[in-house]
Amino acid sequence: MEIVNLWPLFFSITIPMVVLLYILKRKYKEKEISSSLLWMEAYKNTSANTPWEKLKINIMMFLQILILALIILALMSPYLKFGQKTYKNIIVLIDNTASMSALYDGEKTRLEEGKNLAEEYIKNSKEENESYIISYNGENDYDVVNDFKDITQKYGTGDITNIFSYVRALGEGLESYEVLVITDKEINLEDDINGKVISLGNKGENVAVTNIAHKFNDKKINIIATIKNFGDSDYTGDFSLYGEENLLDVKSITLKKGESTTLNYEYDSFNYKYLKGELSKKDLIALDNVYYDVISEEKEKKVLLITEKNVFLEKSLNSLENISLYKTNDSENIPNEDYDLYIYDNKKMKSIPKSGSILFINPESNEFFNVEEVDKVALGTSVSEEMPNYLKNISFTLSKYKKIDMPYYGKALLTVGEEDVISFVGEKDERIIGAIGFDIHNSDIALKKEFPLFMYEIEEKMINSGILYKNKFVSGDEITIKGSTTSKEIKVINPDKSITEVEKGDSYDSLTNLGLYKVKETTENEEKEELFSINYPVEESVTDGEKTLSSENVKKQNKILRRGFSLSPLILLIALGFLILEWILYLKGN
């Protein structure tokens, strides 16, 4: 048997007090009697209660001492151990990604269950130890907290093994340690990390709205909604489409396990600021049943592509929403119209457009920046700080390239080595200037799976204007509050109505709350508003697959946390039994 707490021993001073109560003389009372014949008998009774005779056997006193001793012992938290090794330090690593918001047991989520298990594990440790609590929020993001109460649900994505290097480094600085990993994925600890993994990945019914998108065509709006069954059984329910909070349509859907469907809508007129899609049936993950799509104020963007021929560019531009693409191969006779984006692909710019963003591909030196041609084979890589998560590891081979003397307002996107910038984007005079310093045909980047995503990202940055680069995000995405050059104050109104003040160019937290946000910007001349949405990451919706455990396996996994048997409840029950016995004896006049 092991003892957790020693401080209850302080209450042992109450035991002599109980004995003292039985040593003290009773206070006599005056009483008139009819005869003194029994006086000697009364005197004998008084003599029997003198202090030196009081310590004769008295079952009531012993019961009271025993009850006090049992209560003190229970407070000391005695615990029976089953031979497990103990450690002076416990590192608890809790998965706090979006899938941990799934229901685990009734109304309790996986995260709540995980925190309860970890708290019980530390509480029931064999000896006093130091605990380190780490919350993994997704990708390489984590928080070190003092208490499990400080861990609130986040909605990022990622593999918890990404931060094993930090856990390993922390453990190396400790005398002896054990790691407890709580996640909803089935993972294995590396050989040099001592510990155990508890998986709470229960299976169940789960259907998610994976996307809602729109496109304007003349005066009409076309809307698509994609819904997928990620659960372990077939699904039947309703899908409701709203324009803001006004119901537009309801459709019944039936999906087999693993099946998805796309619903199409068309409306002649549309004056709403956002779309909302919602599934009616409650399942394991409630938050992926709702999806928001913000309608941009400017319905359509015009893009002029100046090129001889570039199939790669045309395909990537066609993947953008709400744009009209115009093409020409004559850079000297550009149509006399205003475009939102001009793309010069291997073409010299004869005159500067009066407005709109400009993207140069394989450019010559111009009034925005200078270039230096480098005729050698090189490896191009992305600048991770400026790229979204899915583009941080892109690399490609170049037969030759142009080193860009990046202007002060630019942010590098691609480099050769650590110094040669070959792609950048930046804002100057409220227009976006960007460049790709090589001919796409002179590299293998177009053969990379990331190429369409890269072109989409750079073109999205350049086409969008206003406070934000875009208005629809998934939790974990980088959200940049672009603002205007004349911005004085920017406030973000969260879904819970709380207000966050930000500065121009700040990155906004996309992990904490899902739903619809509003950005208010005050400039020198006006006040502007924009909406944006943060939706549930679809990859965290899976509740059926190789990495998800059945409920039976989850119960087996959790048994490894039971480190022994707590004796406190049993001791308190015995103390209660003796208390009842004492009361019975008292009533009988013992």
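Within every chain, residues take consecutive numbers counted from 1 along the sequence as written. Totals for whole chains, interfaces and linings use all residues, but because this is a predicted model, local features are given only for residues with pLDDT of at least 70 and pairs of side-chain atoms are given and counted only at 80 or more. Hydrogens and water are ignored here; the side-chain numbers use all heavy atoms of the structure.

Undergrad: Describe helix H6 (residues 311-318), with residues and values.
TA: Think of it in three bands: residues with accessible area under 20% of the maximum for their type are buried, residues over 50% are exposed, and the middle band is partly exposed, with areas taken using a 1.4 Å probe on protein chains only. Per the convention used, a helix needs a DSSP run of H or I reaching at least four residues, while a strand needs a run of E reaching at least two, with both numbered from the N terminus. Listed in full, the buried residues belonging to H6 are Leu313, Ser316 and Leu317. The arc that holds every buried residue of H6, seen down its axis, measures 100°, which confines them to one face. Exposed residues on H6 whose side chains face more than 90 degrees from its buried face are Lys315 and Asn318. For H6, the N-terminal capping position is held by Asn310, with its side-chain oxygen 3.2 Å away from the main-chain nitrogen of Phe312. It is the directions from the helix axis to the C-beta atoms that the arc portrays. Any pair of N or O atoms that falls within 3.5 Å is considered a polar contact. Within protein, one atom must be able to donate a hydrogen and the other to accept it, and sequence-neighbouring residues count only if both atoms are side-chain atoms.

Undergrad: Give a description of the environment of Gly243 that names residues and reports values.
TA: Tracing the backbone through its elements, the reader meets Gly243 in strand E12 (residues 235-243). Between two residues, a contact is recorded if the distance between any of their heavy atoms is within 4.5 Å. Beyond its immediate stretch of four places on either side in the chain, Gly243 contacts Leu248, Tyr272 and Tyr274.

Undergrad: Describe the nonpolar core, naming the residues involved and giving the relevant values.
TA: Among buried residues, the Ala, Val, Leu, Ile, Met, Phe, Trp, Tyr and Cys ones that are joined through side-chain atoms within 4.5 Å form a nonpolar core. If you look at the biggest cluster of nonpolar residues, it comprises 34 residues, and the most contacted ones within it are Ile343, Phe438 and Phe454. Sorting elements by how many residues they give to this core places helix H7 (residues 451-463) first, with six residues. Excluding anything up to four places from it in sequence, Phe454 contacts Met387, Leu391, Leu414, Ser423, Ile436 and Ile445. Phe473, Val502, Tyr508 and Tyr536 belong to the second-largest nonpolar core, a separate cluster that totals 21 residues.

Undergrad: Can you lay out helix H3 (residues 59-75) for me, pointing to particular residues and giving the numbers?
TA: Compared with the 24 Å implied by 1.5 Å per residue over 17 residues, the 25 Å span of H3 between its first and last C-alpha is a close match. By the burial criterion, the buried members of H3 are Met60, Met61, Leu63, Ile65, Ile67, Leu70, Ile72 and Ala74. Count one or two residues on from H3 and you reach Ser77, which has phi positive near 55°. Working rule for helices: expected span equals 1.5 Å times residues minus one.

Undergrad: Now, about a negative patch on the surface: what can you tell me, with residues and values included?
TA: Each patch is built from residues lacking any salt bridge and having more than 30% relative accessible area; the joining distance is 9 Å for like charges and 5 Å for nonpolar side chains (Val, Leu, Ile, Met, Phe, Trp, Tyr). Methods summary: accessible areas were calculated by the Shrake-Rupley approach with a probe of 1.4 Å, and residue burial reflects only the protein chains presented. Within this document, salt bridges are pairs made up of a side-chain nitrogen of Lys or Arg and a carboxyl oxygen of Asp or Glu, the two lying within 4 Å of each other. In this tally, Asp and Glu contribute negative charge and Lys and Arg positive charge; neither His nor the terminal groups of the chain are included. Note that the charge is assigned to NZ on lysines, CZ on arginines, CG on aspartates and CD on glutamates. Taken together, the side chains of Glu489, Glu501, Glu503, Asp506 and Glu527 make up a negatively charged region of the molecular surface. Inspection of the secondary structure assignment puts Glu503 in the loop between strand E31 (499-502) and strand E32 (507-508).

Undergrad: Describe a nonpolar patch on the surface, listing the residues and the values that go with them.
TA: Taken together, the side chains of Trp7, Phe10, Phe11, Ile13, Met17, Ile71, Leu75 and Leu572 present a nonpolar region at the surface, about 800 Å² in accessible area. Relative to the helices and strands, Phe10 is located in the loop between strand E1 (2-3) and helix H1 (14-23).

Undergrad: Tell me what's going on with the packing of H3 against helix H9 (residues 568-587), and back it up with residues and numbers.
TA: Angles here are taken between N-to-C directions and fall from 0 to 180 degrees, while the axes themselves are lines fitted to C-alpha atoms, restricted in helices to the stretch in contact. Closest axis-to-axis distance for the H3/H9 pair is 9 Å, and the angle between their directions is 160°. With respect to H9, the element H3 is oriented roughly antiparallel. In the crossing of H3 with H9, the sense of the turn from one axis to the other is left-handed. The segment H3 lies against H9, with Ile59, Met60, Leu63, Gln64, Leu66, Ile67, Leu70, Ile71, Leu73 and Ala74 engaging Ser568, Ile571, Leu572, Ile574, Ala575, Phe578, Leu579, Leu581, Glu582, Leu585 and Tyr586. In this count, Pro and Cys sit with the nonpolar residues alongside Ala, Val, Leu, Ile, Met, Phe, Trp and Tyr, while Asp, Glu, Lys and Arg are called charged and the others, Gly among them, polar. Here the residues of the contact of H3 with H9 sort into 18 nonpolar, two polar and one charged. Should an angle fall under 35 degrees it is called roughly parallel, over 145 degrees roughly antiparallel, and 65 to 115 degrees roughly perpendicular, with every other angle called oblique. Two helices cross in a left-handed way if the nearer one is turned anticlockwise from the farther one by less than a right angle. They cross in a right-handed way if the turn is clockwise.

Undergrad: Account for the environment of Ser260, with residues named and values stated.
TA: Along the chain, Ser260 falls in strand E14 (residues 260-267). With a relative accessible area of 42%, Ser260 lands in the partly exposed category. Contact partners of Ser260, with chain neighbours within four places excluded, come to Ile227, Lys228 and Leu255.

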